[in-house]
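# Structural features, examined
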Amino acid sequence: MLVSKAARRYATALLGLAKEQDAVERTFEDVQFIKNTVEGSRDLQLFLKSPVIKPDKKVNALEALFEGKVSELVYRFVTLIARKNRQNIIGEITHAFTDIYNEYAGIIEAEVFVANEMDDKQKDQVIKRLEDVTGKKVNIKVKVQEDLKGGMAIKIADTVIDGTIKHKLEQLEDVFLNTATE
C-alpha cells in the first residue's frame with residue numbers, strides 16, 4: 001500500500017508518544033486492531049472516505065467504534081486524526097505505523113512463494129533460516145502459486161531469491177537457446 005508523507009508523519013508521532021509512555025507494544029496491538037477493523041469493512045472504508053458525510057459524524061463513529069477497545073493513547077490519537085479531518089488516511093497511518101514499528105523492533109517482512117501449501121514445521125524452518133541469514137526477526141507471508149511447479153521464491157524488500165523449479169527451467173531454456181544460436 002502506498003503511504004502518504006502525512007500518514008508517515010502521524011505514525012512516527014504516535015510511535016514517539018508510545019515510546020515516551022513506555023507503551024510501544026500495547027500501541028502496536030491497538031493499531032493492528034484498528035487496521036483490521038478498517039480493512040475488514042468495505043462499508044467503513046467508504047464511510048471514512050466519503051466527502052458527502054459530515055466530518056462530525058465520522059468523528060462520532062470512530063469514537064463509538066474504538067472507545068474502551070484501545071488504550072487511551074491510541075483512542076485520543078484516533079479522535080485527533082478524525083477531528084483534523086484526516087480520517088480518510090487512517091488506513092495509511094496504520095500501515096505506516098506497522099512499517100515504522102517493524103523497523104524499530106528489528107523485524108523484517110518476507111513473502112514466500114511456493115507451489116503447495118506449507119505446514120507449520122516448514123514455515124518455522126524457513127523463518128529460522130531467514131533469521132539466521134538476516135540476523136533479524138522475520139515475519140513471513142506465504143503465497144501459493146501452483147505454476148511455480150516446486151521449490152520456493154523469497155522476497156525481502158527489493159531482493160528476490162528464486163529457487164523455484166519454474167525459474168530453473170527458464171534458466172535451462174535460456175542456456176539451450178543461447179547454445180543453439182551460437
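Now for a quick tour of the structure. Every value quoted in this text rests on a predicted model; they were computed, and no experiment measured them.

## Regarding the overall build of the protein chain
Tallying secondary structure elements over the protein chain gives eight helices and four strands in all. At 21 Å, the protein chain has a C-alpha radius of gyration far larger than the 16 Å of a compact globule built from 182 residues. Each of the 182 residues in the protein chain was classed as buried or not, and the buried ones make up 36%. Put simply, the protein chain shows about 11,600 Å² of open surface, and 52% of that area lies on carbon and sulfur atoms. Each charge class in the protein chain was averaged separately, 28 positive and 30 negative side chains, and the resulting centres sit 7 Å apart.

## Comments concerning the sheet that holds strand β1 (residues 107–114)
Ordered by their spatial adjacency, four strands build an open sheet running β2-β1-β3-β4, and the pairing between neighbours is mixed. The open sheet has two free edges, formed respectively by β2 (137–144) and β4 (159–162), since each of these has just one partner strand. Within this sheet the neighbouring strands show an average axis-to-axis angle of 20°, counted without direction. One ladder, built from five bridges, connects β1 with strand β3 (residues 152–156); its direction is antiparallel. Among the inter-strand pairings, V114 is bridged to a residue of β3, identified as M152. Contacting β1, β2 and β3, helix α7 (residues 120–134) crosses the sheet at an angle of about 135° to β2.

## Some points on unusual backbone geometry
One non-glycine residue, N85, lies in the positive phi region at around 60°. Tracing the backbone through its elements, the reader meets N85 in the loop between α5 (72–83) and α6 (90–105). If you check the backbone angles, A157 has positive phi at about 55° while not being a glycine. In this fold, A157 is placed in the loop between β3 and β4.

## Quick notes on the nonpolar core
Core analysis: the biggest nonpolar cluster contains 19 residues, and A11, L14, I93, F97 and Y101 have the highest contact counts within it. When contributions to this core are tallied by element, the ones reaching two or more residues are α1 (5–20), α2 (24–39), α5 and α6. If you tally residues by element for this core, the top one is α1, at six residues. Counting 13 residues, the second largest nonpolar core, distinct from the first, contains L48, L62, A82 and I90.

Cut-offs and rules
Residues numbered from 1 in each chain as written. Predicted model: local features only at pLDDT ≥ 70, side-chain atom pairs only at ≥ 80, totals over all residues. Heavy atoms only, no water. Helix = DSSP H or I, 4+ residues; strand = E, 2+ residues; numbered from the N terminus. Rg over C-alpha atoms; globule rule 2.2 N^0.38 Å. Buried < 20%, exposed > 50% of the residue type's maximum accessible area, 1.4 Å probe, protein only. Areas by Shrake-Rupley, 256 points an atom, 1.4 Å probe, with all protein chains shown as cover. Lys, Arg positive; Asp, Glu negative; His and termini not counted. Charge placed at Lys NZ, Arg CZ, Asp CG, Glu CD. Pairing = 2+ DSSP bridges. Axes fitted to C-alpha atoms, helices over the stretch in contact; angles between N-to-C directions. Contact = heavy atoms within 4.5 Å. Core = buried A, V, L, I, M, F, W, Y, C linked by side-chain atoms within 4.5 Å.

Geometric values such as these leave the question of function open.
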